Amino acid sequence: MATLGDIGVSALINILGAFAFLLAFALLRIQPINDRVYFPKWYLSGSRSSPTRGRGNFVGKFVNLNFKTYFTFLNWMPQALKMSETEIINHAGLDSAVFLRIYVLGLKIFVPITLVALIIFIPVNVSSGTLSFLKRELVMSDIDKLSISNVRPKSERFFFHIGLQYLFTIWTCFMLYMEYDYISSMRLQFLASQRRCAEQFTVVVRNIPRVSSRSVSDSVDRFFQTNHPNTYLCHQAVYNANKFAKLVRKRNRVQNWLDYNQLKFERHPEKRPTKKTGFLGLWGKRVDSLDYYKQQIKELEKRMALERQKILKDPKSILPVSFVSFNSRWGAAVCAQTQQSKNPTLWLTNWAPEPRDVYWRNLAIPFVSLSIRKLIISVAVFALVFFYMIPIAFVQSLANLEGLEKVAPFLRPVIELKFIKSFLQGFLPGLALKIFLYILPTILMIMSKIEGYIAHSMLERRAAAKYYYFMLVNVFLGSIITGTAFEQLHAFLHQSPTQIPRTIGVSIPMKATFFITYIMVDGWAGIAGEILRLKPLVIFHLKNMFIVKTERDREMAMDPGSVDFPETLPSLQLYFLLGIVYAVVTPILLPFILVFFAFAYLVYRHQIINVYNQQYESAAAFWPHVHSRIIASLLISQLLLMGLLSTKKAANSTPLLVILPILTLAFHKYCKHRFEPAFRKYPLEEAMEKDIEEKSREPELNLKAYLADAYLHPIFQSFEEEVQLEQVEVKVDKYRSRASNPPASELSSPSPPHHLHSSSPPHHLHSSSPTHHVYDPSSPPHYVYHPPSPPHYVYQSSSPPHHGYHYQYDP
């Protein structure tokens, strides 16, 4: 069992580690060479340019030579707090703003609870002194004297714990209610203020029945013209284009090499670049690189054109899924929220995700296959959770060395070395657990993809759900159970079976010391490591040295990433669980959680403003899951306290807790009916209001042209953009040279038909104008954000350019 000294050693190591990360970040972020790593969001929005350009001093391109800026290296902290919530919504989207509000909610809940718990429970628990009579039987530390374990059985002091459990539950539910009300209002206001987006008029239809006499497209047209004659507009078929995708990727690689050699030739026009045609350019005939790659691109584009025509003409390549668009939001809402067929397994409709959010690979999975996949993955997740019990048990053996000493005395000479003992008990368990959990989110995301969800947002929410269950069973319950077994092994072997429940009841609060070390490793040093971005920094410079050949490559190497919801949200919910459970059991843990919430809020605010670029916008669709899991934490804390009091023979006071879980569930049910519809359905009344308003504002709107290619498969769309771009470049070259015909080798293959006349939907033009940022190498990098004028809630994103909403919800 870790002592106060061990906790102190762990705190010192983690504080020094966090400070080292923050210091390294503060110094690295002001170096011009790292600017793209720490401010990529502003580059993507066009508000920032490279500080290395136009610098005469060679060293100044890489190192900040203004030494005055090194004395203001902590100015990123106040800068991260300057942007208001409205500005964050405009800048990064509603998902990012609500994500930050979860940390604020943690502070709102736990700051008052911490003050009350420490003021009341510390005197009540310490003055009882029960553990002093049990120290020969159990392994304990000074921290345990501050917990409920130190209260004597049948004591009237348990009324303090029961009363404050009621108080803490009421306060937490009140804050949850206020937050749910506010976030649901934010969501509705966000959706109401959205400009026209393709997903507002579109539903995704799955499990389309195949009819031998008709193609899938004909079946879709006939079905919706019959059943939605007044609102059906058009549809976009989905194709099996895996082979075409491979050709697109190969063409992009060849294009990168062509761009690289063209730049090389422009810099040294006296010498044309050459290469060998053999393996990796090591042998074979030496040819002109520019001509070689142009010929390669020409051949690939011919193959791509043939493959695309083959896909479009082959009826079997059309998958039994389609994006169906309507001439009004009202028509789409009616279709998305009703059953279409007598057979409930056919013509399955739901709101289409926004185009950026679609996970194309899962669109064609049949209904029966979905059920089988979910069953298999459920079994696999169950097995994975219990497989991880083995490393968790090993971690707990490190955290409870005294229990092993009593069973294996031969280990005592090594373990008793003071520094080794403090390191093993105070720091290593939390670090080892963090390492074991490192690869888990990737595994769970793969499992979610196998399940067949069709949107990236859904994939991330389901992966987050799996990770939460894993954290609950392994990190929380598993740490308590396996930790108690190792810790109290000696007591179990030398006492009667009737005393075992009592020993477990006393031992569960003692796991607070392990969770304190875990919070310091994961929530202090881990969050500091998040802002340092060491892995993206190293990868960017390695790519810049060995892979980057063109400016397009450099943009791809500058991948900002996004908030990792599948890992971050479950970890965040674990901290809520620990705080709520141990508020009454061992309140000394609460200050460590407060430090985490405050520090993480500051760090993620900085990252969302300057770094992360969200892949999609779900309009806070993840919030109902967060609310439900905080409610689950309340229920677990109540049941755990009831179990503890039963082992303390508190028969008079324990029944008072029975009604508390019932009241908590009633509150959850009320919130579910009151607020959750805003996250699941789209009111027909609001849809009609927006349709009427739009028709009065734009009576001549050609909605069919607007929606025609909104859900075009990205590989077709990317190819069309390349074709159009190259045709524009050819026209420019033709105008400049005044030549009547450009060389044939410079022209791309003609653009095939079928929904490819528009490379991007017009709604991409509705983003707000970017904020301009001027980089001054003589001062630390900073942003200047100008809010909309006049300031009001108009949720329009400036980066990325299109934030639509969708109505998918996973109950």
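A quick note: this is a predicted structure, and the numbers were derived from the prediction, not measured.

Draft legend 1. Molecular detail of the nonpolar core. Membership of the largest hydrophobic core comes to 129 residues, with the highest contact counts inside it found for Phe-99, Phe-476 and Tyr-582. One finds Phe-223, Tyr-232, Ile-311 and Ile-318 within the second-largest nonpolar core, a separate group that totals 34 residues.

Draft legend 2. How the structure looks around the UniProt feature "transmembrane region" (unreviewed entry) in the protein. Residues annotated in UniProt with the feature "transmembrane region" (unreviewed entry) correspond here to residues 6-28, 102-124, 158-178, 375-399, 419-446, 467-486 and 574-604. Annotated as 100% helix and 0% strand, the span residues 102-124 places its first and last C-alpha atoms 32 Å apart. Secondary structure within residues 574-604 divides into 87% helix and 0% strand; the distance between the first and last C-alpha atoms comes to 18 Å.

Draft legend 3. Representation of the pairing of strand β1 (residues 202-206) in the model. Judged by how many residues are buried, β1 sits mostly within the fold: five of five residues are covered. Where β1 meets strand β6 (residues 348-351), four bridges bridge the pair, whose relative direction is antiparallel. Pairing of Arg-206 across the sheet is with Leu-348, part of β6.

Draft legend 4. Here's a closer look at the sheet that holds strand β2 (residues 232-239). Strands sit in the order β2-β5-β1-β6 across an open sheet of four strands; the sheet is antiparallel. On the outer flanks of this sheet lie β2 and β6, each paired with one strand and no other. Between one strand axis and the next, the sheet turns by 30 degrees as a mean value, whatever way the strands run. Sheet topology note: the β1/strand β5 (residues 318-326) ladder contains five bridges and is antiparallel. The residue bridging Val-205 from the neighbouring strand is Ser-322, located in β5. Taken strand by strand, helix α11 (residues 329-336) contacts β1, β5 and β6, and its axis lies near 130 degrees from that of β6.

Draft legend 5. Expanded view of the state of the cysteines. Summed over all chains, the structure comprises zero disulfides. No disulfide involves Cys-173; its sulfur sits 7.7 Å from the nearest other cysteine sulfur, which is in Cys-671. With relative accessibility at 10%, the residue Cys-173 sits in the buried group.

Draft legend 6. Spatial organisation of the pattern of salt bridges. As enumerated under the stated definition, the model contains 14 salt bridges in all. Measuring nitrogen to oxygen at the nearest pair gives 2.5 Å for the salt bridge that ties Glu-301 to Arg-251. Pair noted here: Glu-301 is in helix α10 (residues 289-313) and Arg-251 is in helix α9 (residues 242-267), with a separation of 50 residues, a long-range link. Judged on exposure class, the residue Glu-301 and its partner Arg-251 are both buried. Its salt-bridge partner being Arg-272, residue Asp-291 comes within 3.9 Å of it at the nearest N-O pair. Within this pair, whereas Asp-291 is found in helix α10, its partner Arg-272 is found in the loop between α9 and β3 (274-276), the two being separated by 19 residues in sequence. Since its relative accessible area comes to 46%, Asp-291 is described here as partly exposed. You can call Arg-272 partly exposed: its relative accessible area is 38%. One continuous salt-bridge network, built from bridges that share partners, spans Arg-196, Arg-329, Asp-691, Glu-693, Glu-694, Arg-697 and Glu-698.

Calculation notes
Residues numbered from 1 in each chain as written. Predicted model: local features only at pLDDT ≥ 70, side-chain atom pairs only at ≥ 80, totals over all residues. Heavy atoms only, no water. Core = buried A, V, L, I, M, F, W, Y, C linked by side-chain atoms within 4.5 Å. Buried < 20%, exposed > 50% of the residue type's maximum accessible area, 1.4 Å probe, protein only. UniProt positions renumbered as here; feature names shortened; annotations may be inferred. Helix = DSSP H or I, 4+ residues; strand = E, 2+ residues; numbered from the N terminus. Pairing = 2+ DSSP bridges. Axes fitted to C-alpha atoms, helices over the stretch in contact; angles between N-to-C directions. Contact = heavy atoms within 4.5 Å. Disulfide = S-S within 2.5 Å. Salt bridge = Lys/Arg side-chain N within 4 Å of Asp/Glu carboxyl O.

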